[in-house]
Amino acid sequence: MLIATGTINDSGLPEYRQSGKALSRGVELDVRGQLTKEFQVMANYTFNHTEVKASSVASEVGQALPGAPKNMASAWLKYVFSNTSLKGLGFGAGVYYVDSKRMDNSIGKDSEGNALWGQWPSYTTVNAAAYYHIGAMKMALNLNNVFDKYYF
C-alpha cells in the first residue's frame with residue numbers, strides 16, 4: 001500500500017512511501033428486505049480490524065492502517081407508489097456512518113522522536129432520493145449529504 005507523504009517533488013508530483021506489511025481482518029453484513037410491495041429496507045455493517053505489521057516508520061507498527069475505519073454502517077429506506085395515480089414515483093432516505101480513521105501522515109514527533117498519528121473523526125451523513133420508474137427504466141435524483149455535514 002502506498003501512503004502519500006504530503007510533499008511535492010521538484011517535478012510537481014506528490015511523493016509516496018511504501019507502508020510495509022499490514023494485516024486486515026473483518027466481516028461485512030448486508031440485509032435487504034421487501035417489507036411490502038411498495039416499501040424496501042436495506043442495511044449493512046462492516047467491521048475491519050487492520051494493523052501495520054512492518055513499516056519504515058517504527059512508531060507506525062501496531063497502528064491501524066491509514067484511512068481504514070474500524071466500523072462503517074448504512075441504512076436506506078425506499079418507498080415506491082404502486083396502486084395510485086402516482087404509480088412509479090418513489091422516495092428514499094438513508095444514513096451513512098464512518099468510524100474515525102488514522103491519518104496518512106504523522107502529525108509530529110514525541111519527546112523520543114517517534115512519529116505521532118492523528119485521527120480523522122467519525123462522521124454520519126444523510127442522503128435522499130426521488131425516483132420515477134417507467135417500465136424497465138428508472139430515473140433518479142439523488143441528494144447526498146443533505147445537511148451539508150463537513151467531515152474533514
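Worth saying up front: this structure is predicted, and the values here are computed from it rather than measured.

*Asks:* I tried to follow the pattern of salt bridges on my own but got confused; where do I start?
*Replies:* Pairing between side chains of opposite charge can happen when their charged atoms approach one another. Scanning the model with the defined rule gives three salt bridges in all. The partner of D30 in a salt bridge is R32, and the shortest N-O contact between them spans 3.1 Å. Between E60 and R102 there is a salt bridge, with the nearest N and O atoms lying 2.7 Å from each other. Placement of E60 in the loop between β4 (39-54) and β5 (71-80) and of R102 in strand β7 (residues 101-109) is noted, with a sequence separation of 42 residues between them. For E60, a relative accessible area of 0% puts it in the buried group. Given the relative accessible area of 2%, R102 is considered buried.

*Asks:* For this particular structure, what's the right way to read the pairing of strand β10 (residues 137-143)?
*Replies:* Every regular strand shows the same layout, with side chains that alternate between the two sheet faces. Pairing of strand β9 (residues 123-134) with β10 involves seven bridges; the strand directions are antiparallel. By the bridge assignment for β10, A129 is matched with N142.

*Asks:* Help me understand unusual backbone geometry in this model?
*Replies:* Among all residues save glycine, negative phi is the norm, and among peptide bonds the norm is trans. A positive phi angle, close to 55°, is found at N145, a residue other than glycine. Not every positive phi belongs to a glycine, and D148 is a case in point at roughly 50°. Considering the arrangement of structural elements, one finds D148 in the segment after β10. Here D148 falls in the exposed class, since its relative accessible area comes to 65%.

So, how was this worked out
- Residues numbered from 1 in each chain as written.
- Predicted model: local features only at pLDDT ≥ 70, side-chain atom pairs only at ≥ 80, totals over all residues.
- Heavy atoms only, no water.
- Salt bridge = Lys/Arg side-chain N within 4 Å of Asp/Glu carboxyl O.
- Helix = DSSP H or I, 4+ residues; strand = E, 2+ residues; numbered from the N terminus.
- Buried < 20%, exposed > 50% of the residue type's maximum accessible area, 1.4 Å probe, protein only.
- Pairing = 2+ DSSP bridges.

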